[in-house]
Amino acid sequence: MSHVLDIQGLTKTFGGLTATDNVSLTVNSGEIHALIGPNGAGKSTLINQICGEILPNAGRITLGGRDITALAPADRVALGLGRTFQITSLLDDMTVRANLGMAVQARAGGNFRIFDRAASRAAVWDEVDQSLSGSALAVRADVPVADLAHGEKKQLELLMALSQRPRLLLLDEPMAGLGHVESQQMIDALRAARKDCAILLVEHDMEAVFALADRITVLVYGRVIAAGSAEDIRANPDVREAYLGEEDA
Ligand code: ADP
Ligand code: MG
C-alpha cells in the first residue's frame, strides 16, 4: 500500500482528558486528506503528535514506511514531514524571491555545494522561478514581504514549505483569516501542491474542505466518528448532527 502516513491507535491524555482517543487514519500519496471537527475535538493535538511536538501515550505513526513515533521533530522533517513556515519567520525587509531563495538554499545547500558557487546560485534561482510560476505570487516576486497582504504571506509560507520537498505536508487551518478571494487563491495553490506531496489538512472552512479533500476524517471529542469521501461525509447523519449542523444554525 502506498500510504505516505499511517496512524494507528493514537491516544493522548492531558490529566483526565483524552484529547485523541485511539485515532487511526491513513494518507495516501497524492491525496489531500482533511481532518475536521468542532473546537476542542483534538485536531491540533493530533497534528502536534504527527510532527513530534507532543508524544502519544499509545499508538504508532509511520511516515513513508518508517516508524517515527518516538523521533524528534527535526528527524521527522528529515524523513519528509513538512509544516508551513510561520509568518514570523519571514524576513520582512527582503523580497518574496529572496525569502524563497533562502528556503531553497536551506534545503539544497548541501547538494549544491558540489557545483561551483555561480552554478549553485543559478540552480537556487531556477528553482525559485519554477516555484513562483503559476503562483498568485508570481507578479509579486520583487516586493518586500513587509508590503504583502496577509493572504500573500500565507501563499509565501506555503511555497517555502513546499520548497523543502516534503512527502507529507501538515496544514493547520491555512484559510484562517483569509478573505474570499484569498481563500480561493489558497485553494488553487493547494490543488497545485497536491501534485508534489500528500497533504493532511485541518480546516474549518467547509467550502475549502469540500473543494479540496479526497477523503475526510471527522473527529469529535478525540474520536473518529466518520471517515470517507466528501460525499460520504456530507451525507453522514452522525456528522451532520455532531458537526455540520453547526453551520446551518
Ligand atoms: P482542536 O484543535 O480540535 O480545536 P485541540 O487539539 O486544541 O482541539 O484540543 C483538544 C482538547 O485537548 C481540548 O479540550 C483542549 O482544551 C485540550 N488540550 C489541548 N492541548 C492541551 C494541553 N497542552 N494541556 C491540557 N489540555 C490540552
Ligand atoms: Mg486546533
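Before any of the text, the structure's been laid out above.
Quick caveat: nothing in here was measured; it's all calculated off a predicted structure.

## Let's talk about the pattern of salt bridges
For the coordinates displayed, the defined rule picks out ten salt bridges. Here aspartate 129 makes a salt bridge to arginine 97, at a shortest N to O gap of 2.6 Å. Residue aspartate 129 is found in helix H4 (residues 117-132), and its partner arginine 97 is found in helix H3 (residues 96-112); the two are separated by 32 residues along the sequence. A residue is classified by how much of its surface remains accessible, and aspartate 129, at 37% relative accessible area, is partly exposed. In this structure arginine 97 comes out as partly exposed when scored by relative accessible area, which is 24%. For aspartate 214, the salt bridge goes to arginine 194, with nearest N and O atoms at 2.9 Å. Here arginine 194 lies in the loop between helix H6 (180-193) and strand S8 (198-202) and aspartate 214 lies in the loop between helix H7 (206-212) and strand S9 (215-220), a separation of 20 residues in the sequence. One continuous salt-bridge network, built from bridges that share partners, spans Arg97, Asp129 and Asp142.

## Let's talk about the layout of surface pockets
In this structure, the largest pocket spans a volume of roughly 590 Å³. Lining the largest pocket are 21 residues, and of these Gln130, Ser131, Leu159, Leu162 and Asp196 sit closest to its centre. Among the secondary structure elements, those contributing two or more residues to the lining of the largest pocket are H4, helix H5 (150-162) and H6. Take the lining of the largest pocket: its biggest share by element is five residues, from H6. Split into classes, the residues belonging to the lining of the largest pocket amount to eight nonpolar, eight polar and five charged.

Basis of the calculations
- Residues numbered from 1 in each chain as written.
- Chains lettered and ligands numbered in written order.
- Predicted model: local features only at pLDDT ≥ 70, side-chain atom pairs only at ≥ 80, totals over all residues.
- Heavy atoms only, no water.
- Salt bridge = Lys/Arg side-chain N within 4 Å of Asp/Glu carboxyl O.
- Helix = DSSP H or I, 4+ residues; strand = E, 2+ residues; numbered from the N terminus.
- Buried < 20%, exposed > 50% of the residue type's maximum accessible area, 1.4 Å probe, protein only.
- 1 Å grid on protein atoms, 1.4 Å probe; cavity = no way out; pocket = protein on both sides within 12 Å on 5 of 7 lines; lining within 4 Å.
- Points joined across faces, edges and corners; volume = space filled by probe spheres on them.
- Nonpolar A, V, L, I, M, F, W, Y, C, P; charged D, E, K, R; others polar.

Read these as geometric descriptors, not functional statements.
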